[in-house]
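Okay, here's what each chain looks like letter by letter:
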Amino acid sequence: MRVVRFVSRYFFDFLNSQDFWEMRFASSLAGSDSNNSIQLTNLEMSRIHEIGLPYASSQIEMGKSLSSKSYTKQFTVPGNHYGDVHCIKILAGDSKIALSGSRDKTICVYDLSMLGTKENCVVNTNSDHNGWIWTIDQEDNNFSKIVSGSWDSFINFYELGRGDLEKVAELPVHSAILCTRYETNMLLYGTYSKYVAGYDTRSGKVEFKLKHHNKPVLSIAASPNYIWSSGEDYALTCYDRRAKKLLKRIRMERISSSISFTEPYLWVAGYDGYIKCFNNEMKIVSKFETGHSQPFLTWHTTWGNSYCL
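Since we're looking at a predicted model, the values are computed, not measured.

Q: What's the story with the confidence of the model for the protein in this structure? I'm lost.
A: Residues shown with low pLDDT carry predicted positions that ought not to be read at fine detail. For the protein, mean pLDDT is 80; residues scoring 70 or higher make up 71% of the total. Taken as a whole, residues 302-309 scores under 50 in pLDDT and shows 29 contacts with residues more than four places along the chain or in a different chain.

Q: Would you mind showing me how to read the sheet that holds strand β2 (residues 97-102) here?
A: Two strands in a sheet stick together by hydrogen bonds in their backbones, pointing the same way (parallel) or opposite ways (antiparallel). Taken together, four strands build an open sheet; the order of strands is β1-β2-β3-β4 and the sheet is antiparallel. Each end of this open sheet is capped by a strand with a single partner; those strands are β1 (85-90) and β4 (122-126). Geometrically, the sheet is characterised by an average inter-axis angle of 20° between neighbouring strands, direction not taken into account. Inspection of the sheet shows β2 paired to strand β3 (residues 107-111) by five bridges, in the antiparallel sense. Across the sheet, the residue bridging to alanine 98 is tyrosine 110, located in β3.

Q: Sorry if this is basic, but what is going on with the packing of aromatic side chains here?
A: Here a ring pair, both rings aromatic, is described through the centre-centre distance and the interplanar angle of the planes. Taken as a whole and assessed by the stated rule, the structure comprises nine aromatic pairs. Seen in terms of ring centroids, tryptophan 134 and tryptophan 151 are 6.0 Å apart; in terms of plane orientation they differ by 45°. Their pairing is tilted. Remark: tryptophan 151 occurs in the loop between β6 (145-150) and β7 (154-160) and tryptophan 134 occurs in strand β5 (residues 133-138); sequence separation between them is 17 residues. Judged by relative accessible area, which is 17%, tryptophan 134 ranks as buried. Both rings, one in tyrosine 265 and one in tryptophan 267, keep their centres 6.2 Å apart while their planes meet at 80°; by these two values the pair is edge-to-face. Ring pairs connect the aromatic residues Trp132, Trp134, Trp151 and Tyr192, which therefore count as one cluster. Here the guanidinium or amino end of lysine 287 rests over the ring plane of tyrosine 274, the centre of that ring lying 4.3 Å away.

Q: I would appreciate a short explanation of the environment of leucine 247 in the present structure.
A: By the secondary structure assignment, leucine 247 is in strand β16 (residues 245-251). Its relative accessible area of 42% is what places leucine 247 among the partly exposed residues. Between the C-alpha atoms of leucine 247 and methionine 282, which are 35 residues apart in sequence, the distance is 9.8 Å. Those residues in contact with leucine 247 that lie beyond four places of it in its chain are Tyr226, Cys238, Tyr239 and Asp240.

Rules and cut-offs
- Residues numbered from 1 in each chain as written.
- Predicted model: local features only at pLDDT ≥ 70, side-chain atom pairs only at ≥ 80, totals over all residues.
- Heavy atoms only, no water.
- pLDDT = per-residue confidence, 0-100.
- Contact = heavy atoms within 4.5 Å.
- Pairing = 2+ DSSP bridges.
- Helix = DSSP H or I, 4+ residues; strand = E, 2+ residues; numbered from the N terminus.
- Axes fitted to C-alpha atoms, helices over the stretch in contact; angles between N-to-C directions.
- Phe/Tyr/Trp six-rings, centres within 6.5 Å; stacked < 30°, edge-to-face > 60°.
- Buried < 20%, exposed > 50% of the residue type's maximum accessible area, 1.4 Å probe, protein only.
- Lys NZ or Arg CZ within 6 Å of the ring centre and 35° of its normal.

Shown next, in the form of structure tokens:
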């Protein structure tokens, strides 16, 4: 198809016509039964028209194929941890590498290409931290840069080599690190000392501290214009980065243990086993019961489908 559209003018015009993509988009939403069809809200439809039908269709079709039982396999990976695993990160840019952080103070590096074989998937174990490891993240648009946060009050910066983590810097914070969001040249982190901070990795300076919680900060999400955070005080806050002020603070019924942002929605997972979807005005537009009885550790979303880990 990629070649034919360049040698056939008719085929080229057909693939670029609005009618073709409207039909394909409608087909991607439809399913063989009610279980795999997708219903979109008016707000979602307006967002789809903004990003374009070709991109929206491809993302929905990809999500459906990944969630199909015929494409889904479940693996149990024996790690080198002897304590509870608190955080897992499958790295973008190289889906064959995954990291896990544990209460045994170590980070394990996994080669996922070894799944289904008799070989050990753990290719490296890092023990730079002296406390429980609560968070691991990867810098946006720079897939080799990794960061970890621990109960030892240090944030470690790593370069990912061939299966190993090379520590290149550390940041003493003087408080346990419970969550991170690693943007390009900016690390956001939440602490046991009830604040969210922004650390500029170029200047090596903490640019700001946001003290909007009365108890430890559990999770952070961010966009170019906003920073959201949730804490043990049941609060969910939204900070406006342009106006440099707290935009909204709401009290949830239960603690929100994990939040993430996929434009245009903020997804909030909590101790009650529900996932709540908020719009830009911090109003709930949908709510899903998952069946989980324990707090969420990670919540990840994609166009057309949502995945819970």
